[in-house]
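Here's the letter readout for the chains.
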Amino acid sequence: MPELDALDQLLNRAYGGKVVRKDLLHQIKGGENVPSYVLEYLLGRYCASDDPEEVRLGIEAVKTTLRSNYFRHDEANKAQSLVEQYGNHRFIDRIEVRFVPSEAKYWASMDNFNYSRIHIGDRFYRRYDRLLEGGIWATIDLEYRVDGDDDDQPIRGASPFHIADLRPIQLARFDFDEFCDGRREFTTDQWIDVLIRSAGLEPATMERRLKLLLLARFLPFVEKNFNFIELGPRGTGKSYVFSEMSPYGILISGGKASSANLFYNNARRQVGLVGHWDVVAFDEVAGMRVTDPDTIQIMKDYMANGRFSRGVTQVLADASFAFVGNLHQSVETLVQNAGMDLFQPLPKEFDLAVIDRLHFYLPGWEVPKNSKDILTTHYGFVTDYLAEAFRALRRQNRYDVVDRYFRFGSHVEGRDATAVRKTVSGLLKILHPDGTFGKEEVQEYLELALETRRRVKEQLKKRGSFEFYKTSFSYIDLAGEVERTVGVPEQGGTGAISQDPLPPGTVYTGAVDDQGRLALYRLEVTLTPGTGRLRTPAGLETGLKESLNRAWTYLQSVKERMGLAPALAQKDLVAEAIDISGGRAECTCGVAFLAAMLSATSQRRVQAGTVVLGDLTIQGNVKALPSITEILQLALDNGAFRVLLPTANRTQFSSLPEDVIEKLDIIFYSDVDRAMAKVVEL
């Protein structure tokens, strides 16, 4: 029996009767396919003691109760037979009540009992109004009566099943003011730890960043129309929150996703899942199959506006979407490979427009795998109580809080600003439900919100669309007008372009092709003993190969003038091109290849942090880029601080973003000789 620590004692004082030891849940959960909030109800009833023997007996009582009163859906016929044979039986099941106008009659239905015409007295649904609002889990005493035996109400219909008593397992009433009063007893750090423990994890050894990322899984429950995604390694508990932490969320495992199921069934004229749940989560999103083309288009409309049209019907709903799935690469590969597509598991139907509607990308590779070491043995909130608190918070709006202290930089606009505001609003609800917070806390949540939205934008940019080039996310403190840029740990600005001197023969370059795709490359030219030949690797992309050949032809024509003929006569040049951004764009970069060749031959380095842009003809004439804005932004975000451009691109200088002009040293060149003099330390 673990000893109660100070936080356990404080939690029990502030929320007595609404907390439970989470290690007891772990002991039972593995062998029982029952929602966590049902198990916690039983644990609170039988194991409300610190005496080890009483707890042991209580756990046995819980198991016995489940064996006797909980039936799976495929045991419905057995359950109905028990009531008929013995005249009554007690069940643990989800129960819902509906009014049938044609019969002027209220009927109850029980999910696992699989019967939808059960007589129920009005005292139950009048006392527990949530029976009429989607249903609740409860312990239900069911009786079998033949016609004429019901003294509680007149018999309407031939159903023999009658509810004699009903006691909610889910919280029947919730006092939000009481919840907020309890929160005031805790510091923010203590409250974070309480919430982590309520999810069954032990925060003692966790960094604050990890704690906030784990709590971000609750965002779809407190924020309406919030679009959340978490992709990462297997076994990190991505789906647990959505399957076990609230009766108001539904988890759909990989399978068919139809417009009728998710949004609206035209044949039945019924709203789909988005109209009945607070959160619709998709597990194993890689296995999701879109069965009709309308689904994605409706999903785009809904994710953007919280509404959609089906025929003449306009439907509004506020369910949030959560997508969880597995990245199959190792953590090291994800973090170190700047070209990794972090949306790789998504179905092919998830185009750029769908991805752009995601508000928050949780980096699942930062979350440790589940193990006994990270499971808590301390107290946390009863799951259902916390779910009710989140549902109450969902009705609040803290969308504009960030504007009290900060404004966004020029790159945070439109959907980016919406995503960031919604994330900050959600974190404030989770961590400060009473509305008491300071500027420093808003700033912390703002930086996390900017990072997790930028992660989405960076991946869109990698997929090659010019419209997403604005990824230099920043915010300005209204008090001091100080601007701060927020990056993402695994990508832009973290060393894809080294700011240290590179070996001779190494040059950075890039391009934007006629389809708007962007790419950065590191060109590497090395010398090997030979007879003056150019050796190219198999599989070199066509644009790169043609640029390399033009640069080589021009070098042959000027090698005597440059005094390089003796060195080139005894060496072969081996050229490589490494895509460091994953853009896979057609790249014409003859000037950069020439610079790499001269650098390798002369054994002089290219200046650190430099990107060389532009192409050349075999006569050495410079060819400008069709557009420079997006490729300069990509270079800046990946660590460049110096760029060489053809003079012909000077006309586009005035349209560059301010931060590009301020942070990049842009040098124009009119001919190849001037370019080589500026880039190679000759």
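Described in the following lines is the structure provided in the data block. (Residues numbered from 1 in each chain as written. Predicted model: local features only at pLDDT ≥ 70, side-chain atom pairs only at ≥ 80, totals over all residues. Heavy atoms only, no water.)

### Concerning unusual backbone geometry
One non-glycine residue, Ala 104, adopts positive backbone phi at about 50°. Mapping Ala 104 onto the fold places it in the loop between strand 2 (88-100) and strand 3 (105-110). Positive phi, close to 50°, is recorded for Asn 225, a residue that is not glycine. Turning to its location among the elements, Asn 225 is positioned in the loop between helix 10 (219-222) and strand 7 (227-232). (Helix = DSSP H or I, 4+ residues; strand = E, 2+ residues; numbered from the N terminus.)

### As for the sheet that holds strand 21 (residues 483-485)
Across the sheet, which stays open at both edges, the three strands sit in the order 19-20-21 with antiparallel pairing between neighbours. In the strand order of this sheet, the two ends are held by strand 19 (406-408) and strand 21, each with one partner. Here the average twist between neighbouring strands, direction ignored, is 30°. Looking at chain direction, strand 19 and strand 20 (residues 474-477) are connected through three bridges and run antiparallel. (Pairing = 2+ DSSP bridges. Axes fitted to C-alpha atoms, helices over the stretch in contact; angles between N-to-C directions.)

### Focus: the pairing of strand 23 (residues 518-529)
The sheet contact formed by strand 22 (residues 506-512) and strand 23 spans seven bridges and is antiparallel. What sits directly across from Tyr 508, in strand 23, is Arg 522. Relative to strand 25 (residues 571-579), strand 23 runs antiparallel, the two being bridged by nine bridges. Among the inter-strand pairings, Thr 526 is bridged to a residue of strand 25, identified as Val 574.

### Considerations on the packing of helix 2 (residues 22-29) against helix 3 (residues 36-46)
The geometry of helix 2 relative to helix 3 is characterised by a closest axis approach of 10 Å and an angle of 115° between their N-to-C directions. Like other packed secondary-structure pairs, helix 2 and helix 3 cross with a definite hand, here right-handed. Taking contact as the criterion, the partners of Lys 22, Leu 24, Leu 25, Ile 28 and Lys 29 in helix 2 are, on helix 3, Ser 36, Leu 39, Glu 40 and Leu 43. Partitioned by chemical class, the residues of the contact of helix 2 with helix 3 number five nonpolar, one polar and three charged. (Left-handed = near helix turned anticlockwise from the far one by under 90°. Contact = heavy atoms within 4.5 Å. Nonpolar A, V, L, I, M, F, W, Y, C, P; charged D, E, K, R; others polar.)

### Considerations on the nonpolar core
Residues Tyr 15, Leu 66, Phe 242, Phe 381, Leu 431 and Leu 446 are the most contacted members of the largest nonpolar core, which totals 90 residues. In terms of residues, this core owes the most to one element, helix 17 (residues 415-431), which gives seven residues. In contact with Phe 242, not counting residues within four places along its chain, are Arg 217, Pro 220, Phe 221, Phe 228, Gly 249, Leu 251, Val 279, Ala 281, Ala 322 and Val 324. Judged by nonpolar contacts, the second largest core, of 43 residues, contains Val 525, Leu 544, Val 606 and Val 680. (Core = buried A, V, L, I, M, F, W, Y, C linked by side-chain atoms within 4.5 Å. Buried < 20%, exposed > 50% of the residue type's maximum accessible area, 1.4 Å probe, protein only.)

### Observations concerning the packing of aromatic side chains
For the structure on display, the rule yields 42 aromatic pairs. Summarising the aromatic geometry, the rings of Phe 228 and Phe 360 are spaced 5.8 Å apart at their centres and angled 15° between planes, so their arrangement reads as stacked. Of the two residues, Phe 228 is situated in strand 7 and Phe 360 in strand 17 (residues 360-363); the sequence distance between them amounts to 132 residues. Cluster of aromatic residues (ring-pair linked, three or more members): Tyr 15, Phe 174, Phe 176, Phe 179, Phe 186, Trp 191, Phe 381 and Tyr 385. Positioned above the aromatic ring of Trp 107 is the side chain of Lys 105, whose terminal nitrogen or guanidinium carbon lies 4.8 Å from the ring centre. (Phe/Tyr/Trp six-rings, centres within 6.5 Å; stacked < 30°, edge-to-face > 60°. Lys NZ or Arg CZ within 6 Å of the ring centre and 35° of its normal.)

### Focus: the sheet that holds strand 12 (residues 279-282)
Taking strand neighbours across the sheet as the criterion, the five strands line up as 8-12-16-7-17 in an open arrangement whose pairing is parallel. Bordering the open sheet on either side are strand 8 (249-252) and strand 17, each of which pairs with just one other strand. Averaged over all neighbouring strand pairs, the angle between strand axes comes to 15°, with direction disregarded. Pairing analysis gives four bridges linking strand 7 to strand 17, with the strands arranged parallel. Its bridge partner being in strand 17, Leu 231 is matched across the sheet by Pro 363.

### A closer look at helix 8 (residues 188-198)
Summarising burial for helix 8: nine of the 11 residues are buried, a large majority. Taken together, the buried positions of helix 8 are occupied by Thr 188, Trp 191, Ile 192, Asp 193, Val 194, Leu 195, Ile 196, Arg 197 and Ser 198. Gly 200 sits one or two positions beyond helix 8 and adopts a positive phi of about 90°.

### Some remarks on the environment of Arg 117
Residue position: Arg 117 is located in strand 4 (residues 115-119). Each C-alpha atom, one on Arg 117 and one on Ser 259, is 30 Å from the other, the two residues being 142 residues apart in sequence.

### Structural notes on the pairing of strand 25
Relative to strand 25, strand 24 (residues 534-535) is paired through two bridges, and the arrangement is parallel. Looking across to strand 25, one finds that Leu 534 is bridged to Leu 573.

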